[in-house]
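# Tertiary structure, described
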Amino acid sequence: MRYLILMIMLLSYSSYACYSPPERYFLNPDRMFFLSDGVVLAKAVKERIPKEKARFDSLKEFEFEIINFYINPYAREQREPINFNLLGFSQKTRADSDFSAHESLDFWASSLAGNGELAGDCNAYGAYEVGKTYLIFLNVSHPKSYELIESNADRWHNLVKYLAKKYE
């Protein structure tokens with residue numbers, strides 16, 4: 001009987017957890033760009049409770065207004081640069097949330113350092129604040145896919161601009 005209960009718990013969808021970071025969390029920026037459906041510089045303009053039940057109660061639905069769209073010509077699906085919604089966590093911006101315009105070694109030294117929240121389901125979610133601007137890799141669940149951009153000289157943003165030119 002004990003084993004039957006244990007087996008039900010292990011096979012249950014609700015007991016699923018991510019016990020180690022997925023391989024995709026260790027992609028380099030070049031590969032992240034190549035696997036994305038494009039990268040957007042977008043401003044969070046609205047926060048609301050998701051229409052459909054989210055996996056985690058604290059996830060919110062954010063509406064983004066696109067400022068710049070960096071096309072990946074090799075994307076699985078070519079997208080139009082239109083405003084979009086994305087699930088994420090509501091968070092007030094902390095000091096140095098942009099890793100000193102992404103110049104900090106803390107950001108570059110670890111694949112897990114970034115604005116992505118690792119909630120335990122093997123997916124990364126961004127942490128957003130309405131009114132702030134983010135660089136978002138579309139359809140790439142990675143801790144660095146949702147970075148806060150507060151400077152025109154941001155190193156992460158400049159790298160994405162470079163990659164967009166490289167692949168055009």
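Residues numbered from 1 in each chain as written. Predicted model: local features only at pLDDT ≥ 70, side-chain atom pairs only at ≥ 80, totals over all residues. Heavy atoms only, no water.

### With respect to the layout of surface pockets
In this model, the largest pocket occupies a volume close to 240 Å³. Leu 86, Leu 87, Ala 124, Asn 139 and Tyr 146 are the residues nearest the centre of the largest pocket, which is lined by 16 residues in total. Of all the elements in the fold, those that place two or more residues in the lining of the largest pocket are strand 3 (84-90), strand 5 (124-128) and strand 6 (133-137). Of all the elements, strand 3 adds the most residues to the lining of the largest pocket, at four residues. The class makeup of the residues in the lining of the largest pocket is 10 nonpolar, five polar and one charged. (1 Å grid on protein atoms, 1.4 Å probe; cavity = no way out; pocket = protein on both sides within 12 Å on 5 of 7 lines; lining within 4 Å. Points joined across faces, edges and corners; volume = space filled by probe spheres on them. Helix = DSSP H or I, 4+ residues; strand = E, 2+ residues; numbered from the N terminus. Nonpolar A, V, L, I, M, F, W, Y, C, P; charged D, E, K, R; others polar.)

### Some remarks on the side chain of Asn 72
Relative to the elements of secondary structure, Asn 72 occurs in the loop between strand 2 (59-70) and strand 3. For Asn 72, a relative accessible area of 1% puts it in the buried group. Among the polar contacts made by the side chain of Asn 72, one reaches the main-chain carbonyl oxygen of Ser 36 at a distance of 2.9 Å. Discounting residues that sit within four places of it in the chain, Asn 72 has contacts with Phe 33, Phe 34, Leu 35, Ser 36, Gly 38 and Gln 78. (Buried < 20%, exposed > 50% of the residue type's maximum accessible area, 1.4 Å probe, protein only. Polar contact = N/O pair within 3.5 Å; in protein donor to acceptor, adjacent residues only side chain to side chain. Contact = heavy atoms within 4.5 Å.)

### Considerations on the sheet that holds strand 2
The mixed open sheet is built from seven strands, whose spatial order is 4-5-3-2-1-6-7. Of all strands in the sheet, those bounded by a partner on one side alone are strand 4 (116-118) and strand 7 (146-148). Neighbour-to-neighbour, the strand axes of this sheet turn through a mean angle of 50°, independent of strand direction. The pairing of strand 2 with strand 3 spans six bridges and is classified as antiparallel. Looking at the pairing, Glu 61 lines up with Leu 87 of strand 3. (Pairing = 2+ DSSP bridges. Axes fitted to C-alpha atoms, helices over the stretch in contact; angles between N-to-C directions.)

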